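Residues per chain, in single letters:
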Number of protein chains: 2
Amino acid sequence: MSPTTSTVPAQLMDGTALARRVGEETAARAAELTRRTGAAPCLATVLVGEDPASVTYVRMKRNRCAKAGIVSRHVALPAATTTEELVATLGALSEDPTVHGILLQHPVGEHIDERAAFEAIAPHKDVDGVTLSSFAAMSFGRPGFVSCTPGGIMRLLDAYDVDLAGKRAVVVGRSAILGKPVGMLLLARDATVTYCHSRTADLSAHLREADVVVAAVGRPELIRGEDIKPGAVVIDAGYNPGNVGDVDFDGALSRARLITPVPGGVGPMTIAVLLEQTVAAAERQLEARAAR
Amino acid sequence: MSPTTSTVPAQLMDGTALARRVGEETAARAAELTRRTGAAPCLATVLVGEDPASVTYVRMKRNRCAKAGIVSRHVALPAATTTEELVATLGALSEDPTVHGILLQHPVGEHIDERAAFEAIAPHKDVDGVTLSSFAAMSFGRPGFVSCTPGGIMRLLDAYDVDLAGKRAVVVGRSAILGKPVGMLLLARDATVTYCHSRTADLSAHLREADVVVAAVGRPELIRGEDIKPGAVVIDAGYNPGNVGDVDFDGALSRARLITPVPGGVGPMTIAVLLEQTVAAAERQLEARAAR
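This one's a predicted model, so the numbers in the text were calculated from it and none came from an experiment.

Participant: So what exactly am I meant to see when it comes to the packing of aromatic side chains here?
Facilitator: Within a pair of aromatic rings, the relevant descriptors are the distance that separates the centres and the angle that separates the planes. The tally for this structure, following the rule as stated, stands at 4 aromatic pairs over all chains. Judged by centre distance (4.6 Å) and plane angle (40°), the rings of Phe140 of chain A and Phe135 of chain B are tilted. With Phe140 of chain A in the loop between helix H5 (132–139) and helix H6 (148–159) and Phe135 of chain B in helix H5 (residues 132–139), this residue pair bridges two chains. Each of the two residues, Phe140 of chain A as well as Phe135 of chain B, counts as buried. For the pair Tyr195 of chain A and Tyr195 of chain B, a centre-to-centre distance of 6.3 Å together with 75° between the ring planes defines the contact as edge-to-face. Residue Tyr195 of chain A is found in strand E6 (residues 192–196), and its partner Tyr195 of chain B is found in strand E6 (residues 192–196); the two belong to separate chains. The buried category is assigned to Tyr195 of chain A, whose relative accessible area is 1%. Pairwise contacts between aromatic rings join Phe135 and Phe140 of chain A together with Phe135 and Phe140 of chain B into one cluster.

This is the structure:
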């Protein structure tokens, strides 16, 4: 295999622009729903502790809600919150008819059983797609909410007309809310999907054959440009300190056909999908209520 | 890559012998539970229609139950059963305290929503591991029942001390009860997992790199012996008319290090896991009741 370098640099996959378009549609749907039912869609955001990055993420999400006509209700819990307390809070929000979607900001701290917390979110309010139920629904093509980052990645691939059927997709990372579900979504679209991870023996060999690479590990520039197959599509879902992704962007740029920048690629799409799913959840809940 | 042929034929992975050992342990647990609680473990088997292969499978499972000291209660439904009727039957069995495990024999007929039927099985009685909940639990390493064939495959790999960490595993097939879950179980054991399927562009290329092959498609001898990497471990979960698996057995025998025969490999392990999980379900339900 000779290290061919394309003469044309990759086209950037503009997540900011796509997220804006999706956001406009979401805002229109939210306005229409509010007009029709008298109630605005409402997202509850739950944050445990005061991790600065998490505080920023939640604030960004709430700002974007406000712009889209979605009410957000913030629940700030102390860092010392127990699993039982967090489960009780999420259970109460799941029961609250004025809340349509629930976001538990990840991570929640080492002493909390995060899975138990996620499972306390009612599936019909799981607009962040973090429950076991949502994962299984994604895996089997059943109705349900997708995990937001995987959902955003699929939207980006579709917006750039990436053909997935029969193509080799390599997912680097196997987390519950990113690697595993995005692999299942790619498989549902008939890609041949390989899950690579920290124990993979020869990551480069897998990458060199990949038509689509999804980097989802959170290790700065783990993926070297020289390992990208010429003409590949590169999705960088990593976001590391210093605005660095999981892919050596400069190195990959000359080889890939399409690539997401960091920031401005996957990140904005994650929030766009969260908001879109919040409105979808509100539509179902408010309309079901109106029908009664 | 030169087509090296090993001079020593592969060792057979004897599913019949391993299933016998697992079955003896299960029978001992069933006897102990019956002695302690006065109630024998009970598996409900549900069959829709009279497909000859399905009739045979259910009979085999019930015979094996009887030998292990598990009571089986058979529910035979006419081929014309509707989804609603089947869901109601499975719901009633899920509520029935004298039933500890439920097996719905697959397939159920084109006119029935099989997923809706599976989901009517309570997760704590899902000893065949077919619900979305069981799949998600398998995928995330949470407590729950495994799908029986994937579970049996993992037991075989362990019995023959197959090291999976960092190894390339290729799963051919992506069904809900076999391909998808076995891939997730292999991933949980740190294999680098590739899902291949009918749309995969170059199956041979994937197979030639695979340290472990799991064939799970139900297409006779789809996998050619010459595509097996010398020294690979070959698990053939296919079972086609005429006792033919998904792998060209004779061709693979001279290249693989370990291979499952068909029949006598994966098949017996599927039933062994079903029975073992039925007893585990009964233990939990009867002991929870005794504790009250």
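Participant: Whenever I open this one, the interface of chain B and chain A confuses me. Can you help?
Facilitator: How big an interface is tends to be expressed through the accessible area that disappears when the partners come together. On the chain A side, the residues contacting the 29 residues of chain B number 29 residues. Buried area between chain B and chain A, summed over both chains or domains, comes out near 2800 Å², and the portion from carbon and sulfur atoms is 62%. It is Phe140, Leu187 and Thr192 of chain B in chain B that bury the most area against chain A; as a group they hold 21% of the surface buried on that side. Of the charged contacts, one joins Arg174 of chain A and Asp190 of chain B as a salt bridge, the two residues approaching to 2.8 Å between their closest N and O atoms. For the interface between chain B and chain A, the tally reads 17 residue pairs in polar contact (both at pLDDT 80 or more). For the side of chain B that touches chain A, the secondary structure elements donating two or more residues are H5, helix H7 (179–188), E6 and helix H8 (203–208) of chain B. Of all the elements, E6 of chain B adds the most residues to the side of chain B that touches chain A, at 5 residues. Looking at the side of chain B that touches chain A residue by residue, the classes come out as 14 nonpolar, 7 polar and 8 charged. As paired strands, E6 of chain A and E6 of chain B are joined by 3 bridges and run antiparallel to one another. In the strand pairing of E6 of chain B, Thr194 of chain A is matched with Thr194 of chain B.

Participant: Help me out: how do you make sense of the domain arrangement of chain A in this one?
Facilitator: What the domain assignment reports for chain A is domain 1 (39–122) and domain 2 (148–267). Inter-centroid distance (C-alpha atoms) of domain 1 of chain A to domain 2 of chain A is 28 Å.

Participant: Explanation requested: the relation of the copies chain B and chain A in the structure shown.
Facilitator: Of the two same-sequence chains, chain B is brought onto chain A (RMSD 0.0 Å, axial shift 0.0 Å) by a rotation of 180°. Such values leave the two copies arranged in the relation of a two-fold axis. Closest to the rotation axis within chain B is the C-alpha of Thr194 of chain B, separated from it by 2.0 Å. Take the interface residues of chain B: 100% of them recur as interface residues in chain A, which is what a same-surface contact looks like.

Participant: Is there a simple way to explain the UniProt feature "domain: Tetrahydrofolate dehydrogenase/cyclohydrolase NAD(P)-binding" (unreviewed entry) in chain A in this structure?
Facilitator: The feature "domain: Tetrahydrofolate dehydrogenase/cyclohydrolase NAD(P)-binding" (unreviewed entry), as annotated in UniProt, sits at residues 147–285 of chain A in this numbering. In the segment residues 147–285 of chain A, helix accounts for 38% and strand for 14%; the C-alpha atoms at its two ends are 20 Å apart.

Participant: What am I meant to see in the UniProt feature "domain: Tetrahydrofolate dehydrogenase/cyclohydrolase catalytic" (unreviewed entry) in chain A here?
Facilitator: Under the UniProt annotation, "domain: Tetrahydrofolate dehydrogenase/cyclohydrolase catalytic" (unreviewed entry) lies at residues 13–128 of chain A. Annotation note: span residues 13–128 of chain A, helix share 51%, strand share 16%, distance between end C-alpha atoms 23 Å.

Participant: Help me understand the side chain of Thr26 of chain A, please; the structure alone is not making it clear to me.
Facilitator: All names here are of chain A. Mapped onto the elements, Thr26 comes out in helix H1 (residues 15–37). Take Thr26: its relative accessible area is 2%, and that puts it in the buried class. Every residue in contact with Thr26, bar those within four places of it in the chain, is listed here: Ile70, Leu275, Glu276 and Val279.

Participant: Can you walk me through the sheet that holds strand E2 (residues 42–48) of chain B in this structure?
Facilitator: Residue and element names in this part refer to chain B. Pairing in this open sheet of 3 strands is parallel, and the strands run E3-E2-E4 from one edge to the other. Both edges of this open sheet fall to strand E3 (71–77) and strand E4 (101–104), since each of them pairs with a single strand only. Direction aside, the axes of adjacent strands within the sheet are offset by 20° on average. Examined bridge by bridge, E2 and E3 share 7 bridges and lie parallel to one another. Paired with Leu47 across the bridge in E3 is Ala76. Packing against the sheet, helix H2 (residues 52–68) makes contact with E2, E3 and E4, and its axis sits at approximately 170° to E2.

Participant: How do you make sense of the pattern of salt bridges when you look at a structure like this?
Facilitator: Pairing is possible between side chains of opposite charge, provided their charged atoms come close. All names here are of chain A. Per the stated rule, a full pass over the model turns up 30 salt bridges over all chains. Asp163 serves as the salt-bridge partner of Lys167, at 3.5 Å between the closest nitrogen and oxygen. With relative accessibility at 30%, the residue Lys167 sits in the partly exposed group. Relative accessible area serves as the criterion here: at 47%, Asp163 is assigned to the partly exposed category. When salt bridges with common partners are traced through the structure, they connect Glu32, Arg35, Arg36 and Glu287 into a single cluster.

Participant: Hey, could you run me through the nonpolar core in this one?
Facilitator: Among soluble globular proteins, nonpolar side chains are generally buried collectively. Within the largest apolar cluster, 72 residues are counted, with the highest numbers of intra-cluster contacts made by Ile153, Leu157 and Leu186 of chain A together with Ile153, Leu157 and Leu186 of chain B. In this structure, Leu186 of chain B is in contact with Met154, Leu157, Leu164, Ala169, Val171, Ala191, Val193 and Val214 of chain B, ignoring residues within four places of it in sequence.

Participant: I'm lost on the packing of helix H1 (residues 15–37) of chain B against helix H6 (residues 148–159) of chain B in this one. Help?
Facilitator: Each pair of packed helices gets described by two things: the angle between the helix axes and the distance between those axes. Residue and element names in this part refer to chain B. One can describe the packing of H1 onto H6 by two numbers: an axis separation of 11 Å at closest approach and a directional angle of 100°. The orientation of H1 with respect to H6, classified from their angle, is roughly perpendicular. Residue-level contacts link Gly15, Leu18 and Val22 of H1 to Arg155, Leu156 and Ala159 of H6. Residue composition of the contact of H1 with H6, grouped by class: 4 nonpolar, 1 polar and 1 charged.

Rules and cut-offs
Residues numbered from 1 in each chain as written. Chains lettered and ligands numbered in written order. Predicted model: local features only at pLDDT ≥ 70, side-chain atom pairs only at ≥ 80, totals over all residues. Heavy atoms only, no water. Phe/Tyr/Trp six-rings, centres within 6.5 Å; stacked < 30°, edge-to-face > 60°. Helix = DSSP H or I, 4+ residues; strand = E, 2+ residues; numbered from the N terminus. Buried < 20%, exposed > 50% of the residue type's maximum accessible area, 1.4 Å probe, protein only. Contact = heavy atoms within 4.5 Å. Buried area = accessible area lost by both parts, 1.4 Å probe. Salt bridge = Lys/Arg side-chain N within 4 Å of Asp/Glu carboxyl O. Polar contact = N/O pair within 3.5 Å; in protein donor to acceptor, adjacent residues only side chain to side chain. Nonpolar A, V, L, I, M, F, W, Y, C, P; charged D, E, K, R; others polar. Pairing = 2+ DSSP bridges. Domains from an automatic or database assignment. Least-squares fit on C-alpha atoms with pLDDT ≥ 70 in both. UniProt positions renumbered as here; feature names shortened; annotations may be inferred. Axes fitted to C-alpha atoms, helices over the stretch in contact; angles between N-to-C directions. Core = buried A, V, L, I, M, F, W, Y, C linked by side-chain atoms within 4.5 Å. Parallel < 35°, antiparallel > 145°, perpendicular 65-115°, else oblique.

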